[in-house]
Amino acid sequence: MTNDKPKIIAGLVIFVLIATSPVWLNRGKTKEAPTPVMAAEATAKGYCVMPKAEMKAKHMKVLDGWRNSVVRNGQRVYVNESGKQFTMSLSNTCLECHTNKAEFCDKCHVYASVNPYCWDCHVDPKEK
Amino acid sequence: MNVQYMSALIAVVVLGFLAYIGTEFLGLNSLFGIFIPYLAVCFFLVGAILKVMKWAKSPVPFRIPTTCGQQKSLDWIEQNKIDNPSTTPGVIARMFFEVLLFRSLFRNTKAGIKEGKITYEWEIFLWVGALAFHYSFLTVLVRHMRFFLEPVPGLIGIVETLDGFFQVGTPGVLLSGVVLLGAVLFLLSRRLLIPQVRYISLMADYFPLFLIIGIAGTGIYMRYFARVDVVAIKQLAMSLVTLHPAIPQNVTVSGILYVHLFLVSVLFAYFPLSKLMHMGGVFLSPTRNLANNSRMERHINPWNPDLKFHTYEAYENDFREKMIEAGLPVEKEA
Ligand code: HEM
């Protein structure tokens, strides 16, 4: 009979290391959430398409709705709840106010590890 | 209706409501967001280690592998080196296929009666369902690491891109989450619809299924329907893993997230107590992890009592002359 204790303990050590990996990979440091920088153009207007809390969670749904409306129905005007009109456009509307894509959109996206492929085709007017 | 699945279903629904009511109406956010998750992880780690140590203490004196092919024999008989391994590399190959591809489940058969005869048919769908379930679960877990690591490693981004390959809508549909829910529903329906399987299914079989359906269901609901503030949730998750737990202020972490998190906590805490421990058990299965070398090596039971035997050799020594006289054959002449 062989003694398998070393093998089993090695297995358990690997298990615990994997299971606790987020703790030691971050090494107990606190890490602040990013604060997206609001561009002067946006602050001047003072309003977004929807209230801030909703924009935070649902802006990608808004964009999806806009895209479908424009591409499928040719309908380019959006009227929000408070009656304001917006031209449904990613580069020409969102980025008209949020002129600082890198400091605004990307800040959150890097933190949340989302990499919207939209920019394969759409442009950031400032980068042009 | 059947008490086994109804009680499991009710238990999961009640647990979900507990977390929702506790955080949306009673303000118990720290309980459900911090204490219970921490407690659950401790339970999971300590419980799993204790269980494996308990199993490790069981002596395995003899070779009891299930043999699924020709064992090592004469040179001109071909051995099935994976399904009936006689060496350590063979065992490693066998464990590799068992753990990563569920090889023994692949051989699943279904008994039935055809034209009055018992028949055994190959039944592959349990294997397909199990494989889809485990791998989508793994992918979802790996992708979730984006909430727990900062900066997020590039590898996780690659997994996300591959998982969102079809680029359907925004936020993009992630295949693994959908496959996970589909696969658990399939595994559940198998238990509910096949009478023989339903007959041997207990609450302990249904409970993890409903729990995982609840987890995947709330996750999919959060991502595609309700939409939650992912940045706030990552703040909470990061506070947990950096050991500076805090419920994020000034932002709302949705009640559904607490349901999701609480069901995950229950799953983790329940894990070491349940059949889910097959995650560790598969490595310790003597029917899988032993080489079949019983005909090459003598395995002696180490806790055999130290008995005094009268061996045949000693017997012959005692009676050799008399045996020769009586014309009985002896092994050693005088
Ligand atoms: C057993 C562990 C878990 C499983 C199986 C699981 C499963 C899922 C699934 C299937 C989804 C749908 C979206 C997708 O496919 O990624 C999801 C979303 C989500 N889960 Fe989990 N989850 C688990 C643990 C956790 C934990 C511990 C957290 C705490 C931070 C969490 C937070 C979230 C959030 C915030 C979403 C929404 C993601 C989004 O909107 O993109 N999950 N989960």
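Computed from a prediction, not measured in an experiment: that's the story for all the values here.

## Notes on the pairing of strand β2 (residues 117-122) of chain B
Residues and elements named next belong to chain B.
- By the criterion of burial, β2 is predominantly exposed, with just zero of the six residues buried.
- Of the pairings in the sheet, the one linking strand β1 (residues 109-114) to β2 comprises six bridges and is antiparallel in character. The partner of Ala111 across the bridge, within β2, is Tyr120.
- Linking β1 back to β2 in an antiparallel pair, the connection comprises two residues, with Glu115 at a positive phi of about 50 degrees.

## Description of the packing of aromatic side chains
- Here the structure, examined in full by the defined rule, presents 17 aromatic pairs over all chains.
- Between Phe44(B) and Phe268(B), the aromatic rings sit 4.9 Å apart at their centres with planes inclined by 50 degrees, giving tilted as the arrangement. Here Phe44(B), found in helix α2 (residues 29-57), pairs with Phe268(B), found in helix α11 (residues 255-270); they are 224 residues apart in sequence, far enough to count as distant.
- For Phe44(B), a relative accessible area of 9% gives the class buried.
- Judged by relative accessible area, Phe268(B) falls into the partly exposed class, the value being 25%.
- Taken together through their ring pairs, the aromatic side chains of Phe15(A), Phe44(B), Phe268(B) and Phe271(B) make up a single cluster.
- For the cation-ring pair, Lys101(A) lies above Trp119(A), with the distance from its terminal atom to the ring centre recorded as 4.6 Å.

## Examining the interface of chain B and chain A
- Contact residues are listed per partner, giving 39 residues for chain B and 31 residues for chain A.
- In total, about 3,100 Å² of surface goes out of reach between chain B and chain A, with carbon and sulfur atoms giving 69% of it.
- Run the count over chain B and chain A and you get one salt bridge.
- A salt bridge links Lys56(A) to Asp229(B), with the shortest nitrogen-to-oxygen separation between them at 3.9 Å.
- Counting every contact that joins chain B to chain A gives eight residue pairs in polar contact (both at pLDDT 80 or more).
- Counting only elements with at least two residues in the side of chain B that touches chain A, the list comes to α2, α6 (154-163), α9 (203-226) and α10 (230-241) of chain B.
- Top element by residues in the side of chain B that touches chain A is α2(B). It accounts for seven residues.

## A closer look at the pattern of salt bridges
All names here are of chain B.
- Summed over the entire model, instances satisfying the criterion amount to 15 salt bridges over all chains.
- Residue Arg103 pairs with Asp83 through a salt bridge whose shortest N-O separation is 3.0 Å. Placement of Arg103 in helix α4 (residues 103-106) and of Asp83 in the loop between α2 and α3 (88-101) is noted, with a sequence separation of 20 residues between them.
- Residue Arg103 is classed as partly exposed on the basis of its relative accessible area of 28%.
- Here Arg107 makes a salt bridge to Asp83, at a shortest N to O gap of 3.1 Å.

Thresholds applied
- Residues numbered from 1 in each chain as written.
- Chains lettered and ligands numbered in written order.
- Predicted model: local features only at pLDDT ≥ 70, side-chain atom pairs only at ≥ 80, totals over all residues.
- Heavy atoms only, no water.
- Buried < 20%, exposed > 50% of the residue type's maximum accessible area, 1.4 Å probe, protein only.
- Helix = DSSP H or I, 4+ residues; strand = E, 2+ residues; numbered from the N terminus.
- Pairing = 2+ DSSP bridges.
- Phe/Tyr/Trp six-rings, centres within 6.5 Å; stacked < 30°, edge-to-face > 60°.
- Lys NZ or Arg CZ within 6 Å of the ring centre and 35° of its normal.
- Contact = heavy atoms within 4.5 Å.
- Buried area = accessible area lost by both parts, 1.4 Å probe.
- Salt bridge = Lys/Arg side-chain N within 4 Å of Asp/Glu carboxyl O.
- Polar contact = N/O pair within 3.5 Å; in protein donor to acceptor, adjacent residues only side chain to side chain.

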